Structure formats: structure tokens, C-alpha cells
Amino acid sequence: MFEMNSKKIAIVAISVAMVAALITIIPIPIPLTGGYTHPGAVAEVFLALAFGPWVGMVAAGVGAALADLLLGYASFAPLTLLAHGSLGFLVGWIGWRKGSLQMIMGWIIGGLALVSVYFLGETTVYGLGFQA
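Residues numbered from 1 in each chain as written. Predicted model: local features only at pLDDT ≥ 70, side-chain atom pairs only at ≥ 80, totals over all residues. Heavy atoms only, no water.

Help me understand helix α3 (residues 53-71), please; the structure alone is not making it clear to me.
Three or four residues apart is the spacing at which side chains of an α-helix point the same way, because the helix has 3.6 residues per turn. Its 19 residues place the ends of α3 26 Å apart at the C-alpha level, agreeing with the 27 Å of an ideal helix rising 1.5 Å per residue. Buried within α3 are the following residues: Pro53, Val55, Gly56, Ala59, Ala60, Gly61, Gly63, Ala64, Ala65, Ala67 and Asp68. Taken together, the buried residues of α3 touch α1 (6-25), β2 (35-37), α2 (40-51) and α4 (77-95). One or two steps after α3, the chain reaches Gly72, where phi turns positive at roughly 90 degrees. (Helix = DSSP H or I, 4+ residues; strand = E, 2+ residues; numbered from the N terminus. Expected span 1.5 Å × (residues − 1). Buried < 20%, exposed > 50% of the residue type's maximum accessible area, 1.4 Å probe, protein only. Contact = heavy atoms within 4.5 Å.)

Below you can see the structure in the form of C-alpha cells.
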């Protein structure tokens, strides 16, 4: 399944830092929602495809949650951990070491999971509608 050795620990640590840095350094605000987007998602997909579902899940989830903490969105960190972690896991699980079609399908399904988790989490807490 998932063996931990010094090489794997180093890969995970660098991956988490890479995702957190890309999100923290280049957040792109979305005024309509009060949130932001970022190029960290590109790193999350790449890492999941390069190193598999477990590294993808930890790097994406922990890296994005850490960025939320650093950017002042601490209340969203648990939801971000789940949403981005699911993206990383699904992309890696569906697309890792497979052909181009599976990689694209992993990206699409992982992206849909990310959006779904955020939608369900935010509508549960805030209800339907946008922040004013």
C-alpha cells in the first residue's frame, strides 16, 4: 500500500511546501464570492499524477489548508483540507501510471469532487447564495 521511507517523506514535505507556496504567493481574489483561486491546483494535479494518490492527497490537502491558515482563511482550512485532498487523491488514483485519457478523466473527476465538497460545505454553513 503506502510505505514511508526517507525518500517518500522528503517528496511529501517538498510537495506540501510547493502547493502552499504557489497558493500563498499568487492568490487571485474572486470578489463575488469573497474567496480566491490560485495556480496551486496545477501543482496538485501534477504531483498526484507524478507520485500517486497518497502523495497527491497529502500534498494537495495539507498544502492548501496551510495556505488558508497563512492567508487568513483559517475557518476554511478544514474544508480546504477535505476538498483539495479529494482532488489530489482522485487524480492520482484514476490517472497515475495510466494513459492520457485516464489522466484527463482523473483531472475532471478530481475537479468535480473539489467543487462538490466546497459547494456542500459552504451551503451547509452559509446556505445558498453569495456573500454581499
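Explanation requested: the environment of Ile11 in the structure shown.
With respect to the helices and strands, the residue Ile11 is situated in helix α1. For the pair Ile11 and Leu32, spaced 21 residues apart in the sequence, the C-alpha separation amounts to 36 Å. For Ile11, the residues in contact, after removing those within four places along its chain, are Phe51 and Val55.

Explain the packing of aromatic side chains here, please?
Geometry of an aromatic ring pair is reported as the spacing of the ring centres plus the angle between the planes. The tally for this structure, following the rule as stated, stands at 3 aromatic pairs. Judged by centre distance (6.2 Å) and plane angle (15 degrees), the ring pair of Phe89 and Trp93 falls under stacked. Placement of the pair is Phe89 and Trp93 together in helix α4, with a separation of 4 residues, close to one helical turn. Overall, the relative accessible area of 23% leaves Phe89 in the partly exposed class. Take Trp93: its relative accessible area is 52%, and that puts it in the exposed class. A network of ring pairs unites the aromatic residues Trp54, Phe89 and Trp93 as a single cluster. (Phe/Tyr/Trp six-rings, centres within 6.5 Å; stacked < 30°, edge-to-face > 60°.)

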